[in-house]
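Structural description and commentary
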Amino acid sequence: MCPDDLKHRDSLELVRECLTGEVAQLFDAALSEVDTLFVVHSVADDGAVLAACLDLGSVDLRLRGWWWQRVPNPNPNPVLDLDLDLDLDLDPVLDLNMDKG
């Protein structure tokens, strides 16, 4: 994710905090689906990549939402040269997407 995407997610969090009742429940459900996809396609790195790329301190990133503490997997930007050796089974996710199509 690029920093603008993460800032948009910050904005969604601010909106979520203002909602109540059924609207809040519907919004939370939709946001939960997006967050789940992000978690499935990323790995926690304590913000190390973003801190390095954006010249931010790790303390600054720890004060932000959990989504600032993750990096996409697989890495969409080879310039970052991430060495992530993860064994993720994405078949169930892919199967769900195929069923919807």
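One structure accompanies this document, and this report is about it. All residue numbers here refer to positions counted from 1 along the written sequence of the relevant chain. It should be noted that, the model being predicted, local features are given only for residues of pLDDT at least 70 and side-chain atom pairs only at 80 or more, the latter also being counted only at that level, while totals for whole chains, interfaces and linings use all residues. To obtain the side-chain values, all non-hydrogen atoms of the structure were included, while hydrogens and water were left out.

**A look at the packing of helix H1 (residues 3-18) against helix H2 (residues 21-40)**
Any two packed helices are characterised by the angle at which their axes cross and by the distance between the axes. Interaxial angles span 0 to 180 degrees and are taken between N-to-C directions of axes, which are lines fitted to C-alpha atoms, for helices over the stretch in contact. Counting from the N terminus, the helices are the DSSP runs of H or I reaching at least four residues and the strands are the DSSP runs of E reaching at least two. H2 packs onto H1 with a crossing angle of 155 degrees between their chain directions and a minimal axis gap of 11 Å. Relative to H2, the element H1 is oriented roughly antiparallel. At the point where H1 passes H2, the crossing takes the left-handed sense. For the pair H1 and H2, the contacting residues are Arg9, Leu12, Glu13, Val15 and Arg16 in the first and Phe27, Asp28, Leu31 and Asp35 in the second. Within the contact of H1 with H2, the residues separate by chemical class into 4 nonpolar, no polar and 5 charged. To sort the angles, those under 35 degrees are grouped as roughly parallel, those over 145 as roughly antiparallel, those from 65 to 115 as roughly perpendicular, and the leftovers as oblique. By definition, any crossing whose near helix is turned counterclockwise from its far helix by less than a right angle is left-handed, and any crossing with a clockwise turn is right-handed. In this description, contact between two residues means that some pair of their heavy atoms is separated by no more than 4.5 Å. Ten residue types, Ala, Val, Leu, Ile, Met, Phe, Trp, Tyr, Cys and Pro, are classed as nonpolar, four, Asp, Glu, Lys and Arg, as charged, and the remainder, Gly among them, as polar.

**Brief notes about the pattern of salt bridges**
Here, a salt bridge means any side-chain nitrogen of Lys or Arg that lies within 4 Å of a carboxyl oxygen of Asp or Glu. Counted according to the given criterion, the structure contains 4 salt bridges. One salt bridge connects Glu13 with Arg9, and the closest N-O pair in it is separated by 3.0 Å. With Glu13 and Arg9 both in helix H1, this residue pair falls 4 residues apart, about one helical turn. With respect to burial, Glu13 and Arg9 carry one shared label: buried. Linking Glu13 and Arg16 is a salt bridge whose minimum nitrogen-to-oxygen distance equals 2.6 Å. With Glu13 and Arg16 both in helix H1 and 3 residues apart, the pair spans about one turn of that helix. Judged by relative accessible area, Glu13 falls into the buried class, the value being 16%. The buried label goes to any residue with under 20% of its type's maximum accessible area, the exposed label to any with over 50%, and the partly exposed label to all in between, with areas taken from a 1.4 Å probe on protein chains only. Note on Arg16: relative accessible area 30%, which makes it partly exposed.

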